[in-house]
Amino acid sequence: MPELPEVETVRRGLADRLTGRTLVRLDVHDPKLVSRSAIPPASLIGGRVTDVARRGKWILCRMQDLYLVLHMRMSGQLLFDTDTARPPRASLHFDDGTRLDFVDQRRFGELLVWEQLDVGLLDARLGPEADTIRVDDLRRCLASRRGRLKAALCNQAVLAGIGNMYADEILWRARLASDRPAGSLDSTESRRLARAIRRVLGEALAAGGTTTRDGLYVTSEGDPGRFTMHLDVYQRDGEPCPRCGTPVERVKQGGVSVYWCPGCQS
DNA sequence: CAATTGACCTGCAGGC
DNA sequence: TGCCTGCAGGTCAATT
């Protein structure tokens, strides 16, 4: 599922190909994709892409006074000029002939048109960007939280960009158990966690993200992510922990799977 | 205010 | 073979 490294990889792909381009045609094949947009998507036609930014898992394409806002949710793919097996939910055509398709098996993704004001509102409901988090900011984010550490890491209002897969990888790297109360970390553990967040997300981004066995994540050029082989615990239940050899366990916590090593995470 | 739960979706795996 | 159930999880709204 697209988390910060995947969304950032896609953002870079879009920035490369779309900056300076003008949208000449927009075909929405699935109305649900745009149903939460207060401004009709057709308003973007004739607009030129001046900048492609990212906030958490949201992609924000500035098109002069409006923003094309994209969220891939579980299975969204943004693909340039590919002939996919799956029909796109929308296709965007640009002045140089480039076509960008929004393909989305599970149909949770969204395409929205926002004004500057709405971008500000997004900022207010997201925590700081996870990939650059520093230990003192992290402690502020987690302080006085009584819920589970993993839930806090995955909560976009606390920290923006982490999802289920990287939360497990980060917790393994930091040698922390997912069910620890978020506010219970001492200063050593907080330092370890902040470092693990930056390291895991940074390495995953450098590898162009992670394509899991569902194969749903690919870059905007259609390439799979190369971090897959570097996963230490995610979807590796039963395999020996790379650090201590204890078999990796999979448990259910708050409705989602947690992959972790009971031998070295506490 | 913080935490939890259900809803939204589709494809696929597993059981019978 | 075919039907059914459960599962994958990001975000939001509603509830505790």
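Residues numbered from 1 in each chain as written. Chains lettered and ligands numbered in written order. Predicted model: local features only at pLDDT ≥ 70, side-chain atom pairs only at ≥ 80, totals over all residues. Heavy atoms only, no water.

> Go over the packing of helix α1 (residues 4–18) against helix α6 (residues 187–206), please, and point to the residues and values.
For any two helices packed against each other, the geometry comes down to the angle between their axes and how far apart the axes lie. Packing of α1 against α6 brings their axes to within 9 Å, and their N-to-C directions diverge by 40°. What the angle tells us is that α1 and α6 run oblique. The handedness of the crossing between α1 and α6 comes out as right-handed. Contact with α1, carried on its side by Pro5, Glu8, Thr9 and Arg12, involves Leu201, Ala204 and Leu205 of α6 and no other residues of that element. Residue composition of the contact of α1 with α6, grouped by class: 4 nonpolar, 1 polar and 2 charged. (Axes fitted to C-alpha atoms, helices over the stretch in contact; angles between N-to-C directions. Helix = DSSP H or I, 4+ residues; strand = E, 2+ residues; numbered from the N terminus. Parallel < 35°, antiparallel > 145°, perpendicular 65-115°, else oblique. Left-handed = near helix turned anticlockwise from the far one by under 90°. Contact = heavy atoms within 4.5 Å. Nonpolar A, V, L, I, M, F, W, Y, C, P; charged D, E, K, R; others polar.)

> Report on the nonpolar core, specifying residues and quantitative values.
Leu142, Leu159, Ile162, Tyr166, Ile170, Leu193 and Ile197 are the most contacted members of the largest nonpolar core, which has 38 residues in total. Listed by contribution, the elements that provide at least two residues to this core are α3 (135–142), α4 (149–154), α5 (164–173) and α6. Setting aside residues up to four positions removed in sequence, isoleucine 170 forms contacts with Leu153, Ile162, Leu193, Ala196, Ile197, Val200 and Leu201. In terms of nonpolar packing, the next biggest core, distinct from the first, is built from 30 residues, Val49, Val52, Cys61 and Leu78 among them. (Core = buried A, V, L, I, M, F, W, Y, C linked by side-chain atoms within 4.5 Å. Buried < 20%, exposed > 50% of the residue type's maximum accessible area, 1.4 Å probe, protein only.)

> Please provide a residue-by-residue account of the packing of aromatic side chains, values included.
Counted under the stated rule, the structure contains 3 aromatic pairs. The ring centre of phenylalanine 80 lies 4.4 Å from the NZ or CZ of arginine 17, which sits over that ring. A cation over an aromatic ring shows up here: arginine 243 above the ring of tryptophan 172, its NZ or CZ 3.9 Å from the ring centre. (Phe/Tyr/Trp six-rings, centres within 6.5 Å; stacked < 30°, edge-to-face > 60°. Lys NZ or Arg CZ within 6 Å of the ring centre and 35° of its normal.)

> Please provide a residue-by-residue account of the sheet that holds strand β1 (residues 23–28), values included.
Within the open sheet, the 4 strands sit side by side as β1-β6-β7-β5. Their pairing is antiparallel. Strands with a single pairing partner mark the edges of an open sheet, and in this sheet they are β1 and β5 (76–80). Strand-to-strand twist in this sheet, taken as the mean axis angle between neighbours without regard to direction, amounts to 15°. Pairing geometry for β5 and strand β7 (residues 99–104), over 5 bridges, is antiparallel. Bridge assignment links glutamine 77 to a residue of β7, and that residue is valine 103. Running at roughly 30° to β5, α1 makes contact with β5, β6 (90–94) and β7 of the sheet. (Pairing = 2+ DSSP bridges.)

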